[in-house]
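Summary of structural features
Residue-level listing of the chains:
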Amino acid sequence: QVKVVESGGGLVQPGNSLRLSCAASESIFSIYTMAWYRQAPGMQRELVATITSGGTTNYADSVKGRFTISRDNAKNTMYLQMNSLKPEDTAIYYCNIKAIATMSSPLRNYWGQGTQVTVSS
């Protein structure tokens, strides 16, 4: 069974930083693209950043220059370093991975349960 768990959320003041982590099951056969999404109250879930297994990254325009996505393939872990946080960054942040769980499994999307980030003075 594939498990994806986010951590690192919390309450921070505008301008400060926060680092999110996403840990996927160690037993996963192969992980391809990993991504962070976020969903603010009353809004649709939106893509924040993606990173391929080779390290290629992409960012939403709203976070470019402030957020950095990275991953440790050996640990099946992904990170999101968030700097210069703004109140509009307040949302639940979700980890998404495209992975093959076992040698006989199809490629599937897996989601974490989310971690709350609140930016407020």
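This report concerns the structure included in the present document. Note that the structure is predicted; figures quoted are calculated from it, not measured.

Reading guide: rules and limits
- Residues numbered from 1 in each chain as written.
- Predicted model: local features only at pLDDT ≥ 70, side-chain atom pairs only at ≥ 80, totals over all residues.
- Heavy atoms only, no water.
- Core = buried A, V, L, I, M, F, W, Y, C linked by side-chain atoms within 4.5 Å.
- Buried < 20%, exposed > 50% of the residue type's maximum accessible area, 1.4 Å probe, protein only.
- Helix = DSSP H or I, 4+ residues; strand = E, 2+ residues; numbered from the N terminus.
- Contact = heavy atoms within 4.5 Å.
- Salt bridge = Lys/Arg side-chain N within 4 Å of Asp/Glu carboxyl O.
- Disulfide = S-S within 2.5 Å.
- Pairing = 2+ DSSP bridges.
- Axes fitted to C-alpha atoms, helices over the stretch in contact; angles between N-to-C directions.

1. Some details on the nonpolar core
Judged by nonpolar contacts, the single largest core of 31 residues is most densely connected at W36, L80, M82, Y93 and I97. Elements that contribute at least two residues to this core include exactly β3 (18-24), β4 (30-39), β5 (46-51), β7 (67-72), β8 (77-82), β9 (91-100) and β11 (115-119). Counting residues per element, this core draws most heavily on β9, at five residues. Here I97 is in contact with V2, V4, A24, I28, I31, T33, M34, R108, N109 and Y110, once residues within four sequence places are set aside.

2. Side note on the pattern of salt bridges
Applying the stated rule across the entire model yields four salt bridges. For R38, the salt bridge is made with D89, and the minimal N-O distance between the two is 3.0 Å. Separated by 51 residues along the polypeptide, R38 in strand β4 and D89 in the loop between β8 and β9 bring together distant segments of the chain. Each of the two residues, R38 as well as D89, counts as buried. In the salt-bridge network here, residues are joined through shared partners; they are R38, E46, R66 and D89.

3. Quick word on the state of the cysteines
Applying the stated criterion across every chain yields a total of one disulfide. Here C22 engages in a disulfide with C95; their sulfurs sit 1.9 Å apart. Its S-S torsion of about -65° marks the bond between C22 and C95 as left-handed, since a negative value means left-handed. Here the residue C22 occupies a position in strand β3, and C95 occupies one in strand β9, the gap between them amounting to 73 residues. Summarising the burial analysis for this pair, C22 and C95 share the class buried.

4. Focus: the sheet that holds strand β1 (residues 4-7)
With antiparallel pairing, the four strands of this open sheet are ordered in space as β1-β3-β8-β7. Looking at which strands have only one partner, the edges of the open sheet turn out to be β1 and β7. Strand-to-strand twist of the sheet, defined as the mean angle between neighbouring strand axes without regard to direction, takes the value 15°. With six bridges joining them, β3 and β8 adopt antiparallel strand pairing. Bridge pairing links C22 to M78 in β8.

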